[in-house]
Amino acid sequence: MAFPKQIIKNLPLVPDKILSERRKELSEYITKDGTYLPKSVLHADLDRGMLDFVKDELKITSEGKVVPMVDILLTTQNWAQFTETWSFVDTDFNAKPPFITVVRQPEVKYGTNPSLQYTIPNRKQFYFAVVPNWNGNQKGADVYTIPQPVPVDINYSVKIVCNRMRELNQFNKVVLQKFSSRQAYTFIKGQYVPIISTNISDESIMDIDKRKYYIQTYDFTMLGYLIDEEEFEVKPAISRVLQVFEVETKTRKQKRKKYPENPKNFELNLSFPGNNVSYIHDMEYMINMSLVSENNVSSYDVYINGDNFGQMEPIPINTNDNLEIVITKTNSGDSSMLFNCELL
């Protein structure tokens with residue numbers, strides 16, 4: 001037999017959020033339709049969450065109809081009282097199977113939720129959010145603080161009462177599939193609360209003299225926590241901070257030192273290493289050049305465009321003139337000459 005095709009009726013156009021975006025989405029769920037603080041989660045809210053979980057996630061059908069569920073937590077003491085108001089009864093006003101009930105154990109023990117095992121004593125307040133405010137004149141902020149939630153373990157027993165094995169098998173299949181990883185989650189006021197499956201037992205009546213019917217019990221433990229809004233605190237933060245600075249209105253320009261002091265004058269340092277005794281250069285500007293100092297030079301001649309000007313000072317040089325300086329060294333080796341040039 002071929003494996004049936006898995007047909008996806010609805011394609012998700014927007015991908016599911018993960019990591020930090022998912023945490024922001026959960027935070028928006030918690031504060032939706034209310035204040036910036038989380039909503040209270042007390043015993044009654046946890047009970048309502050368990051009833052909604054059984055009604056929505058563990059529902060089964062029999063003969064085309066959804067098996068009814070008692071939408072109230074039952075105990076052995078008030079069983080007879082609620083049978084008078086059930087809508088699924090026979091002509092003798094007796095409970096007509098199949099139906100599902102939820103029974104809660106009266107005692108509520110300190111929780112074993114792993115995320116809340118390490119507690120801080122004395123109900124210390126912790127930072128939750130900073131909310132800006134505006135009173136018409138001043139802009140400020142309020143600091144919201146809450147204490148650590150109190151973990152609780154609540155034991156529930158989900159019972160199915162039926163007179164046919166088919167309803168029993170169908171309900172057992174739904175429960176085992178839902179708790180295939182031993183736990184499931186219910187959504188209570190924006191909080192995901194885990195539920196753990198602990199035990200499955202049978203209380204069927206098989207007496208020959210009495211009416212035969214099956215009763216199967218599924219035990220669950222809700223790892224919940226209590227959040228009481230009476231313990232929330234809202235404290236005002238700093239409303240406004242005024243800072244005053246004194247500055248000068250006059251703008252003064254800082255004096256800058258001129259370098260060089262006379263921008264038309266500059267020094268021309270010529271070096272003649274080794275046996276080199278001449279310097280040739282095409283001038284790019286008009287200057288008057290005069291010798292300032294010399295080292296290891298006995299005599300020199302200045303040629304401009306091939307004309308010998310000897311040691312005349314100052315030596316006028318025009319733009320694009322060819323400057324050539326030929327020296328006679330006192331001793332072989334390095335020599336240098338320093339000229340002072342003035343732009344015209």
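Criteria and thresholds
Residue positions are counted from 1 within each chain, in the order its sequence is given. Given that the model is predicted, a residue must reach a pLDDT of at least 70 before its local features are reported, and side-chain atom pairs must reach 80 or more before they are shown or counted; all residues, however, enter totals for whole chains, interfaces and linings. Side-chain calculation: all heavy atoms of the structure are included, whereas hydrogens and water are not. Elements are defined by DSSP. Helices are runs of H or I of four residues or more, strands are runs of E of two residues or more, and each kind is numbered from the N terminus. A simple rule labels every residue: compare its accessible area, found with a 1.4 Å probe on the protein chains alone, to the largest value its type can have, and call it buried under 20%, exposed over 50%, or partly exposed in between. Contacts are assigned to residue pairs that have any heavy atoms within 4.5 Å of one another. Methods summary: accessible areas were calculated by the Shrake-Rupley approach with a probe of 1.4 Å, and residue burial reflects only the protein chains presented. Strand pairing is assigned whenever DSSP identifies at least 2 bridges connecting the two strands. Interaxial angles span 0 to 180 degrees and are taken between N-to-C directions of axes, which are lines fitted to C-alpha atoms, for helices over the stretch in contact. Each residue after the first adds 1.5 Å to the expected span of a helix. Pairs of N or O atoms within 3.5 Å make up the polar contacts considered here, provided that, within protein, one atom can donate a hydrogen while the other can accept it, and that residues adjacent in sequence are counted only when both atoms are side-chain atoms. We call Phe, Tyr and Trp rings a pair once their centres come within 6.5 Å, taking the six-membered ring for Trp, and we label the pair stacked below 30 degrees between planes, edge-to-face above 60, and tilted otherwise. Think of a nonpolar core as a cluster: buried Ala, Val, Leu, Ile, Met, Phe, Trp, Tyr and Cys residues, connected wherever their side-chain atoms sit within 4.5 Å.

I would appreciate a short explanation of the overall build of the protein chain in the present structure.
From N to C terminus, the protein chain includes 4 helices and 20 strands. Counting all 344 residues of the protein chain, 33% fall into the buried class. Considering only intrachain contacts with a sequence separation of at least 6, the fraction spanning at least 24 residues in the protein chain is 71%. Of the roughly 24,200 Å² that the protein chain leaves accessible, carbon and sulfur atoms contribute 52%.

Quick question: what am I supposed to make of the sheet that holds strand β14 (residues 278-282) here?
By definition, the strands of a sheet pair up through backbone hydrogen bonds, in either a parallel or an antiparallel sense. Read from one edge to the other, the open sheet built from 4 strands follows the order β14-β19-β16-β17, with strand pairing classed as antiparallel. Only two strands of the sheet have a single partner each, and these edge strands are β14 and β17 (307-310). With direction set aside, neighbouring strand axes in the sheet form an average angle of 20 degrees. Where strand β16 (residues 297-304) and strand β19 (residues 322-329) come together, 7 bridges link them in antiparallel fashion. Bridge pairing links Ser-299 to Thr-328 in β19.

Would you mind showing me how to read helix α2 (residues 43-57) here?
Within an α-helix, residues lying three or four positions from one another point in the same direction, as the helix has 3.6 residues per turn. The terminal C-alpha atoms of α2, which comprises 15 residues, lie 21 Å apart, in line with the 21 Å expected from a rise of 1.5 Å per residue. Among the residues making up α2, those that are buried are Asp-45, Leu-46, Asp-47, Gly-49, Met-50, Leu-51, Phe-53 and Val-54.

In this structure, what is going on with unusual backbone geometry? I would like to understand it.
Comment: phi is negative for the bulk of residues other than glycine, and the bulk of peptide bonds are trans. Not every positive phi belongs to a glycine, and Leu-19 is a case in point at roughly 55 degrees. Looking at the element boundaries, Leu-19 is found in helix α1 (residues 19-30). Judged by its relative accessible area of 63%, Leu-19 is exposed.

In this structure, what is going on with the sheet that holds strand β12 (residues 233-236)? I would like to understand it.
On the basis of which strands lie adjacent, the open sheet formed by 3 strands has the order β6-β7-β12 and antiparallel pairing. Of all strands in the sheet, those with a lone pairing partner are β6 (125-134) and β12, marking the two edges. This sheet shows a mean twist of 25 degrees between the axes of neighbouring strands, independent of strand direction. Bridge analysis of β6 against strand β7 (residues 139-147) gives 9 bridges, and the strand direction is antiparallel. Paired with Phe-126 across the two strands is Ile-146, which belongs to β7.

What exactly am I supposed to notice about the environment of Thr-221 here?
Its place among the elements puts Thr-221 in strand β11 (residues 214-226). Put simply, Thr-221 and Ser-197 are 24 residues apart on the chain and 6.5 Å apart in space, counted from C-alpha to C-alpha. Setting aside residues up to four positions removed in sequence, Thr-221 forms contacts with Asp-153, Ile-154, Asn-155, Pro-194, Ile-195, Ile-196 and Thr-198. In terms of polar contacts, Thr-221 uses its side chain to reach the side chain of Asn-155, at 3.0 Å.

Which parts of the structure should I look at to understand the packing of aromatic side chains?
Two aromatic rings are characterised by how far apart their centres lie and by the angle between their planes. Overall, the coordinates contain 4 aromatic pairs when judged by the stated rule. One aromatic cluster is present, built from ring pairs that chain together Phe-53, Phe-179 and Phe-220.

Just to check I follow, could you spell out the environment of Leu-37 for this structure?
Mapped onto the fold, Leu-37 is located in the loop between α1 and α2. With a relative accessible area of 11%, Leu-37 lands in the buried category. Separated by 196 residues in sequence, Leu-37 and Glu-233 have C-alpha atoms that sit 9.5 Å apart.

Is there a simple way to think about the nonpolar core in this case?
Side chains of nonpolar character tend, in soluble globular proteins, to be buried together. Counting 40 residues, the largest nonpolar core has Leu-46, Met-50, Val-54 and Phe-171 as its most contacted members. Ranked by residues supplied to this core, first place goes to strand β8 (residues 150-162) with 6 residues. Those residues in contact with Phe-171, other than ones at most four positions away along the chain, are Leu-58, Ile-60, Ile-100, Val-158, Ile-160 and Tyr-218. One finds Phe-272, Tyr-300, Leu-323 and Ile-327 within the second-largest nonpolar core, a separate group that totals 15 residues.

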